[in-house]
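Structure at a glance
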Amino acid sequence: MKATIYVLTDPESGAIRYVGSTMKPLDERLKSHMRQYNCDGNAAKRRWMNRLRRAWLRPGIVAVDTCDEWLRYQREADWIGHCIEEGCGLVNGDPLTQR
């Protein structure tokens, strides 16, 4: 099976804010992010998603890569590293991503 590496983008600035991976269709994954905005333990992502919800906004979701399932987490980590190098203000939960 193939995995999709995706980014969530800020609807106002277009900035990449989150990198993730999924085996599901992207529209399903985005719905899942929107449902769990208040439940997951990632405070930075929760604050960002809450701000968007209060403004009646949704993040964009864009596929940036596909890979075999067994490479999924390594590819996701590679993309997180790339986004950090590019200066993206990620809200992935790892302190290194929140610069």
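Residues numbered from 1 in each chain as written. Predicted model: local features only at pLDDT ≥ 70, side-chain atom pairs only at ≥ 80, totals over all residues. Heavy atoms only, no water.

This part covers the overall build of the chain. Broken down by element type, the chain carries 3 helices and 3 strands. N-terminal to C-terminal, the α/β element order of the chain is β-β-α-α-β-α. In the chain, which comprises 99 residues, the share counted as buried stands at 38%. In the chain, 57% of the contacts between residues at least 6 apart in sequence involve partners at least 24 apart. For the chain, the exposed area adds up to about 5,900 Å²; of that, 51% sits on carbon and sulfur atoms. (Helix = DSSP H or I, 4+ residues; strand = E, 2+ residues; numbered from the N terminus. Buried < 20%, exposed > 50% of the residue type's maximum accessible area, 1.4 Å probe, protein only. Contact = heavy atoms within 4.5 Å. Areas by Shrake-Rupley, 256 points an atom, 1.4 Å probe, with all protein chains shown as cover.)

Of all hydrophobic cores here, the largest spans 10 residues; its members are Tyr6, Leu8, Tyr18, Leu30, Met34, Ala44, Trp48, Met49, Leu52 and Val91. Within the residue set of this core, elements represented by two or more residues are β1 (2–9), α1 (26–35) and α2 (43–54). At 4 residues, α2 tops the list of elements feeding residues into this core. Discounting chain neighbours no more than four positions away, the residues touching tyrosine 18 are Tyr6, Val7, Leu8, His33, Lys45, Leu90, Val91 and Asn92. (Core = buried A, V, L, I, M, F, W, Y, C linked by side-chain atoms within 4.5 Å.)

So, on to the packing of aromatic side chains. A complete count under the given rule lists 1 aromatic pair for this structure. Considering the side-chain rings of tyrosine 6 and tyrosine 18, the 6.4 Å spacing of their centres and the 35° angle between planes classify their relative orientation as tilted. Taken as a pair, tyrosine 6 in strand β1 and tyrosine 18 in strand β2 (residues 16–22) lie far apart in primary sequence, 12 residues in all. Tyrosine 18 matches tyrosine 6 in its accessibility class, with the two residues each being buried. (Phe/Tyr/Trp six-rings, centres within 6.5 Å; stacked < 30°, edge-to-face > 60°.)

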